[in-house]
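Breakdown of the fold
One-letter residues, chain by chain:
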Amino acid sequence: MTRHVAIVGAGVAGCATAYGLEDADAEVTVFERRTEAGGRAATRQREGCSYDVGANYLTAADDRVQQLVEGPLADDLVAVDGEVWTLDADESIAPGRDDGAPKWTGSRGVADIGPALLDPTDSDVRFDVDVAGIGCDDGTWTVFSNSLDGGDGTGAGDDARAGPFDDVVLTPPAPVTAELLRDVSVADSLRAAARSIEYRSITTVAARYEESFEWPYYALVDTSKTLDLGWIAREEAKPGHVSGDGSLVIFQASPQWSQRHQHAEDPALADAATDAAAALLDVSALADPVWTDVVRWKHALTDDGIATSVRTDPADAGLHVAGDWVAGESRLNAAIVSGLETADRLAERT
Ligand SMILES: Cc1cc2nc3c(=O)[nH]c(=O)nc-3n(C[C@H](O)[C@H](O)[C@H](O)COP(=O)(O)OP(=O)(O)OC[C@H]3O[C@@H](n4cnc5c(N)ncnc54)[C@H](O)[C@@H]3O)c2cc1C
């Protein structure tokens, strides 16, 4: 019998879950609070430039992700041109971080990856739906959201809902998922595990320059994790991302720096980041961008994961979780694999 599946969140994990269910006997509805798929695989556009403001690129560390790269994603991806070098605590720069594995982004940005998985599916995708909670009654699941309307929702309002669903897959970052589970008794252990996951916050500053910085690397990563900026990358190393002359540089501030500047207005924060970059690399022109753009990620990265055992009882009841925090690694590859594996388990239930 056809199973009705709700997926909350259209980041790459949610999109991969929908993709993996395409051949299963399942009717899939995806609820995403933003107006587009991708989540932390996010890209912005400005003045003819596309720039990745969350994840920088995908590496296909898993065979199944490699198959996606060579298959359904192939038309959308471009390889980043250049290596990642290291920046040490003493601010010295050295080659050595890059293992030569291809680094993939979308031709319009890394935000292409989610839609490339989701769009070919028959899933009913509801954007602009901020899910407030889920409930289980008599073995079926209901999704609650004040922003639901139309379709099988009961209409916008305090108790607007969609369902019934046989299975629900939650993919938001762990603290959000824990909150969605607050009234679900079968998920007590899962909720506690999700609550225990700690994230680092990261602020991204994109800065456009008249000058082209001719560096011998695509990006620098602070391996010591002591500097104010943890990541500095030239977006023009991504084919098709930057039109015209001049560099577009992505700065990702360290969690400590991001925390210290959390109350700063965007222009002041961008000034502080570009000043820090100018001092760090001893390139004064970095302090003088044409324009800047700031994105703050509260739940950016985690190294924590959860034990498989806390997922067993909820999964038997039709409640599943997927995402980088489930995999225990904040990488696109890990989040995609988590989504595909969740789809495998769901397909076995159809
Ligand atoms: C600054 C930064 C740099 C990074 N760099 C890299 C990198 O270079 N390479 C790499 O591999 N990884 C990188 N990552 C990590 C990578 O982006 C994540 O591991 C991956 O995108 C996680 O995907 P996900 O689907 O698990 O979660 P998310 O992308 O967070 O997706 C969750 C989705 O759920 C939606 N959602 C949340 N709450 C609700 C709700 N209540 N109702 C409905 N929808 C909801 C969100 O809008 C989102 O679309 C980086 C991340 C950041 C922030």
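Residues numbered from 1 in each chain as written. Predicted model: local features only at pLDDT ≥ 70, side-chain atom pairs only at ≥ 80, totals over all residues. Heavy atoms only, no water.

All right, on to the overall build of the protein then. When helices and strands are counted, the protein shows 10 helices and 19 strands. Here the protein has a C-alpha radius of gyration of 21 Å; the compact-globule value for 350 residues is 20 Å, and the two agree. Reported as C-alpha extents along the three principal axes, the dimensions of the protein are approximately 65 × 40 × 35 Å. Counting the 350 residues in the protein, one finds 52% classified as buried. (Helix = DSSP H or I, 4+ residues; strand = E, 2+ residues; numbered from the N terminus. Rg over C-alpha atoms; globule rule 2.2 N^0.38 Å. Buried < 20%, exposed > 50% of the residue type's maximum accessible area, 1.4 Å probe, protein only.)

A separate point is the packing of aromatic side chains. Evaluated as defined, the whole model comprises 9 aromatic pairs. Taking 5.6 Å as the distance between ring centres and 45 degrees as the angle between the ring planes, the aromatic pair formed by Tyr 51 and Trp 291 counts as tilted. In this pair, Tyr 51 sits in strand 4 (residues 49–52) while Trp 291 sits in strand 18 (residues 291–301), placing the two residues 240 residues apart along the sequence. Look at Tyr 51 and you get buried, because its relative accessible area is 1%. Consider the rings of Trp 215 and Tyr 217, whose centres lie 5.7 Å apart with planes at 25 degrees: the pair is stacked. By the ring-pair criterion, three or more aromatic residues cluster together here, those being Trp 85, Tyr 209, Phe 213, Trp 215 and Tyr 217. (Phe/Tyr/Trp six-rings, centres within 6.5 Å; stacked < 30°, edge-to-face > 60°.)

Right, let's get into the pattern of salt bridges. A full pass over the atoms with the stated rule returns 17 salt bridges. The salt bridge involving Arg 182 is made with Glu 179; its shortest N-O contact spans 3.6 Å. Taking the relative accessible area as the measure of exposure, Arg 182 reaches 35% and is therefore partly exposed. Across the salt bridge formed by Glu 235 and Lys 238, the nearest N and O atoms sit 3.4 Å from each other. Taking the relative accessible area as the measure of exposure, Glu 235 reaches 1% and is therefore buried. Put simply, Arg 3, Asp 167 and Arg 349 are held in one network by salt bridges that share partners. (Salt bridge = Lys/Arg side-chain N within 4 Å of Asp/Glu carboxyl O.)

Let's shift gears to the sheet that holds strand 9 (residues 124–126). Taking strand neighbours across the sheet as the criterion, the 5 strands line up as 9-2-1-13-19 in an open arrangement whose pairing is parallel. Each edge of the sheet is formed by a strand with only one pairing partner; in this case those strands are strand 9 and strand 19 (319–321). For this sheet, the mean angle separating the axes of adjacent strands, direction not counted, is 20 degrees. In this structure, strand 1 (residues 3–8) lies alongside strand 13 (residues 167–170), joined through 4 bridges in parallel fashion. Bridge assignment links Val 5 to a residue of strand 13, and that residue is Asp 167. The strands touched by helix 1 (residues 12–20) within the sheet are strand 1, strand 2 (26–31) and strand 13, with strand 1 carrying the most contacts at an inclination of about 165 degrees. (Pairing = 2+ DSSP bridges. Axes fitted to C-alpha atoms, helices over the stretch in contact; angles between N-to-C directions. Contact = heavy atoms within 4.5 Å.)

On to the domain arrangement of the protein, then. The domains assigned to the protein are domain 1 (3–41 + 115–197 + 303–349) and domain 2 (44–61 + 77–106 + 198–301). Look at where the C-alpha atoms of domain 1 and domain 2 centre, and you get two points 31 Å apart. Opposite the 18 residues of domain 1 that make contact, domain 2 presents 14 residues. Counting each side, the surface lost to burial between domain 1 and domain 2 is near 1,200 Å², with a carbon and sulfur contribution of 54%. On the domain 1 side of the contact with domain 2, Arg 40, Leu 332 and Asn 333 bury the most area, a combined 42% of that side's loss. Our count for the contact surface shared by domain 1 and domain 2 stands at 1 salt bridge. With a closest N to O distance of 3.0 Å, Arg 200 and Asp 303 form a salt bridge. Connecting domain 1 to domain 2 are 7 residue pairs in polar contact (both at pLDDT 80 or more). Listing elements by their share of the side of domain 1 that touches domain 2, those giving two or more residues are helix 4 (174–180), helix 9 (324–327) and helix 10 (332–349). Its residues placed into classes, the side of domain 1 that touches domain 2 shows 9 nonpolar, 4 polar and 5 charged. (Domains from an automatic or database assignment. Buried area = accessible area lost by both parts, 1.4 Å probe. Polar contact = N/O pair within 3.5 Å; in protein donor to acceptor, adjacent residues only side chain to side chain. Nonpolar A, V, L, I, M, F, W, Y, C, P; charged D, E, K, R; others polar.)

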